[in-house]
Number of protein chains: 2
Amino acid sequence: MTDSSSPITLADDERYMRLALAEARQAAELGEIPVGAVIVTASGRIVGRGHNLTEALSDVTAHAEMQAVTAAAQTLGGKYLTGCTLYVTLEPCIMCAGAIGWSQLSRIVIGADDPRRGYSSLTVRSPFHPRATVTRGVCAAECLALVQNFFRDRRSEK
Amino acid sequence: MTDSSSPITLADDERYMRLALAEARQAAELGEIPVGAVIVTASGRIVGRGHNLTEALSDVTAHAEMQAVTAAAQTLGGKYLTGCTLYVTLEPCIMCAGAIGWSQLSRIVIGADDPRRGYSSLTVRSPFHPRATVTRGVCAAECLALVQNFFRDRRSEK
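Cut-offs and rules
Residues numbered from 1 in each chain as written. Chains lettered and ligands numbered in written order. Predicted model: local features only at pLDDT ≥ 70, side-chain atom pairs only at ≥ 80, totals over all residues. Heavy atoms only, no water. Helix = DSSP H or I, 4+ residues; strand = E, 2+ residues; numbered from the N terminus. Expected span 1.5 Å × (residues − 1). Buried < 20%, exposed > 50% of the residue type's maximum accessible area, 1.4 Å probe, protein only. Arc of directions from axis to C-beta. Contact = heavy atoms within 4.5 Å. Buried area = accessible area lost by both parts, 1.4 Å probe. Salt bridge = Lys/Arg side-chain N within 4 Å of Asp/Glu carboxyl O. Polar contact = N/O pair within 3.5 Å; in protein donor to acceptor, adjacent residues only side chain to side chain. Nonpolar A, V, L, I, M, F, W, Y, C, P; charged D, E, K, R; others polar. Core = buried A, V, L, I, M, F, W, Y, C linked by side-chain atoms within 4.5 Å. Axes fitted to C-alpha atoms, helices over the stretch in contact; angles between N-to-C directions. Parallel < 35°, antiparallel > 145°, perpendicular 65-115°, else oblique. Left-handed = near helix turned anticlockwise from the far one by under 90°. Pairing = 2+ DSSP bridges.

Draft legend 1. The arrangement of helix α4 (residues 140-157) of chain A in detail. Residues and elements named next belong to chain A. For α4, with 18 residues, the first-to-last C-alpha span of 26 Å sits near the 26 Å given by 1.5 Å per residue. For α4, every residue scored as buried is listed here: Cys-143, Leu-146, Val-147 and Phe-150. The buried side chains of α4 occupy one side of the element, clustering within an arc of 85° when seen end-on. The exposed set on the far side of α4, more than 90 degrees from its buried face, consists of Ala-141, Arg-155 and Ser-156.

This is how it looks when you write it as structure tokens:
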């Protein structure tokens, strides 16, 4: 479902999700679980990017979304990201969903679902801002393949 | 409920919670919602501290627990905090609960409950490591008074 009042088209969503996918590929190249995120203002300006760096930084909090939220707040000079959209290649975990809620992001666009670790399976109600909208399944096959290939390659290395 | 196999006594818990309270007071002095956290190894070494800095850093992710988790991982040289205990003055939100789960912290000691924003009211099952134990209500009155006084003072300033 997409907020019908939004001027952003599916083509725009796919374009920004491809930038998030490019972030995810940077994570993969570093041996990190490949998840990427991009935050865009209502006028289409990219204000935050991030890719998973939990191994490189030895820090479980260094998920793609967390870094994108922090980066966007620094870029915009304020901690609230009202009016902005987050594009993320994999459904956020509850840590990231909590940060997205606190930041008051207005729209969350998700690539692939994460039935095991995604916030949907662990929360009793939406953790996002009450007026935030969620769009799922943008470039889903590509986002999922990236993660699946990463784990397949890792298993075959053992 | 406290894990009966733990050699840590209630007096130890109160001692560490008072250090978390001292962190929370530092937040209050900066005009931040007063929440503090301390992470302690099984042998009683303090490896991480943090207090809420969301306003100072313009960053919704700068909760006390997040900073303590990151600090402890840097101190110990690895992202997993197995065997460690987190002392936090207020029940963690889902963002922090997610980080605590990812970090594999073994024990979570909570001061005051947070019925509105705490993870308990938003999650369908424990977000922590399956073997983690949770102790609630340590120095609860003191932890709660700190937060309540902060909001009372803020209302009276308006």
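Draft legend 2. Representation of the interface of chain B and chain A in the model. The interface of chain B with chain A comprises 30 residues on the first partner and 30 residues on the second. Taken as a group, Val-60, Lys-79 and Trp-102 of chain B account for 27% of the area that chain B buries against chain A, more than any other trio of residues on that side. Inspection of the chain B/chain A interface yields 2 salt bridges. For Lys-79 of chain A, the salt bridge is made with Glu-55 of chain B, and the minimal N-O distance between the two is 2.7 Å. The interface formed by chain B and chain A contains 12 residue pairs in polar contact (both at pLDDT 80 or more). Every element with two or more residues in the side of chain B that touches chain A is listed here: α2 (64-76) and α3 (94-103) of chain B. For the side of chain B that touches chain A, the leading source of residues is α3 of chain B, giving 6 residues. In the side of chain B that touches chain A, the residues fall into 13 nonpolar, 11 polar and 6 charged.

Draft legend 3. Geometry of the nonpolar core. Grouped together as the largest cluster of nonpolar side chains are 79 residues, with contacts concentrated most on Ile-39 of chain A together with Ile-39 of chain B. Sequence-distant contacts of Ile-39 of chain A, defined by excluding residues within four places in its chain, comprise Arg-45, Ile-46, Val-47, Gly-48, Ala-68, Val-69, Ala-72, Leu-81, Cys-84, Thr-85, Leu-86 and Leu-105 of chain A.

Draft legend 4. A look at the side chain of Glu-23 of chain B. Looking at the secondary structure, you find Glu-23 of chain B in helix α1 (residues 10-29). Setting aside residues up to four positions removed in sequence, Glu-23 of chain B forms contacts with Gly-36, Ala-37, Val-38, Arg-49, Gly-50 and His-51 of chain B.

Draft legend 5. The packing of α2 of chain B against α3 of chain B, seen in detail. Residue and element names in this part refer to chain B. Packing of α2 against α3 leaves a shortest axis separation of 9 Å and a crossing angle of 20°. Judged on the interaxial angle alone, α3 and α2 are roughly parallel. α3 is crossed by α2, and the crossing has left-handed handedness. Between α2, through Glu-65, Met-66 and Val-69, and α3, the contact on the second element is made entirely by Met-95, Cys-96, Ala-99 and Ser-103. Grouping the constituent residues of the contact of α2 with α3 by class yields 5 nonpolar, 1 polar and 1 charged.

Draft legend 6. Geometry of the pattern of salt bridges. On inspection of all chains with the given rule, the structure shows 18 salt bridges over all chains. Put simply, Glu-91 of chain B and Arg-136 of chain B hold a salt bridge, and the shortest N to O gap is 3.4 Å. One end of the pair, Glu-91 of chain B, is in the loop between β3 (85-90) and α3; the other, Arg-136 of chain B, is in strand β5 (residues 133-136), with 45 residues separating them in the sequence. One connected set of salt bridges, linked through shared partners, spans Arg-18, Arg-25 and Glu-142 of chain A.

Draft legend 7. A look at the sheet that holds strand β5 (residues 133-136) of chain A. Residue and element names in this part refer to chain A. What the 5 strands build is an open sheet, ordered β2-β1-β3-β4-β5; its pairing is mixed. Every other strand in the sheet has two partners, leaving β2 (46-51) and β5 as the edge strands with one partner each. Taking the axes of each pair of neighbouring strands and ignoring which way they run, one obtains an average angle of 15° across the sheet. Where strand β1 (residues 36-40) lies against strand β3 (residues 85-90), 4 bridges are found, and the strand directions are antiparallel. Within β3, the position partnered with Ile-39 by the bridge is Leu-86. Of the strands in this sheet, β1, β2, β3, β4 (107-112) and β5 are in contact with helix α1 (residues 10-29), which crosses β1 at around 140°.

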